[in-house]
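Geometric and topological summary
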Amino acid sequence: SADALKTTHVTRSSGFVAASRRSVPPHPISMSSEWAPRHSTSMSSCSRTQLLSEWTDSVNRLTDLLGYRPEVASIPGGAFSREVAATAGKAGIRVLFTSEPTATPWHVGRVMCVGRYTVWNTMPPASARGFATGRGHSAARQRTLWTTKKIAKALLGERYLVLRDRILATRG
């Protein structure tokens, strides 16, 4: 029911995935509502066994709730790793949305991984066009920033989240 979907924070997309090159159910499921309260670490730092358990449990719970088996998911917090994608595939996920800034999908086993760029309302239309094509300085800048953040996350671990929260608090 709609109330059950609201309670579990299951999100539905506008259907843009269905219009892509592949026939994909148009309703990506985000694990972020499941993930955040139960774990202090990011998905990418979990063991293979933990990841498979998380994906399988989430897919099974959502299957019961939705009445169909979801095949599209989103990684919470941008915590992508090849192991996160591989275990998602073992749980039945076919398309995995990531926070990797790229316009070109890639595969990890049978899972098609789809990145994204962030578009702010202050950006000119040329930036969005550059993101769509993966060209231009805006796309290169986001890729560089994302790569820098990934290095900082790897080096700082949990301290990265504390530092990020402090920086964001000074902006707000």
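Further up the page is the structure itself.
What comes next is a walk through the structure. A quick note: this is a predicted structure, and the numbers were derived from the prediction, not measured.

1. As for the environment of Ala91
- Residue position: Ala91 is located in the loop between α4 (82–90) and β3 (95–97).
- Judged by its relative accessible area of 3%, Ala91 falls in the buried class.
- Counting along the chain gives 33 residues from Ala91 to Ser58, while the straight-line C-alpha distance between them is 9.1 Å.
- Beyond its immediate sequence surroundings of up to four residues, Ala91 is in contact with Leu52, Trp55, Thr56, Val59 and Arg69.

2. Re the packing of aromatic side chains
- One pass over the full model with this rule turns up 2 aromatic pairs.
- Between Tyr117 and Phe131 the ring centres are 4.6 Å apart and the planes differ by 5°, which places this aromatic pair in the stacked class. Linking Tyr117 in the loop between β5 (111–114) and α5 (125–133) with Phe131 in helix α5, this pair joins segments that are 14 residues apart in sequence.
- Classification of Tyr117 by relative accessible area gives buried; the value is 12%.

Quick notes on the rules
- Residues numbered from 1 in each chain as written.
- Predicted model: local features only at pLDDT ≥ 70, side-chain atom pairs only at ≥ 80, totals over all residues.
- Heavy atoms only, no water.
- Helix = DSSP H or I, 4+ residues; strand = E, 2+ residues; numbered from the N terminus.
- Buried < 20%, exposed > 50% of the residue type's maximum accessible area, 1.4 Å probe, protein only.
- Contact = heavy atoms within 4.5 Å.
- Phe/Tyr/Trp six-rings, centres within 6.5 Å; stacked < 30°, edge-to-face > 60°.

Interpretation in functional terms is not warranted from these geometric data alone.
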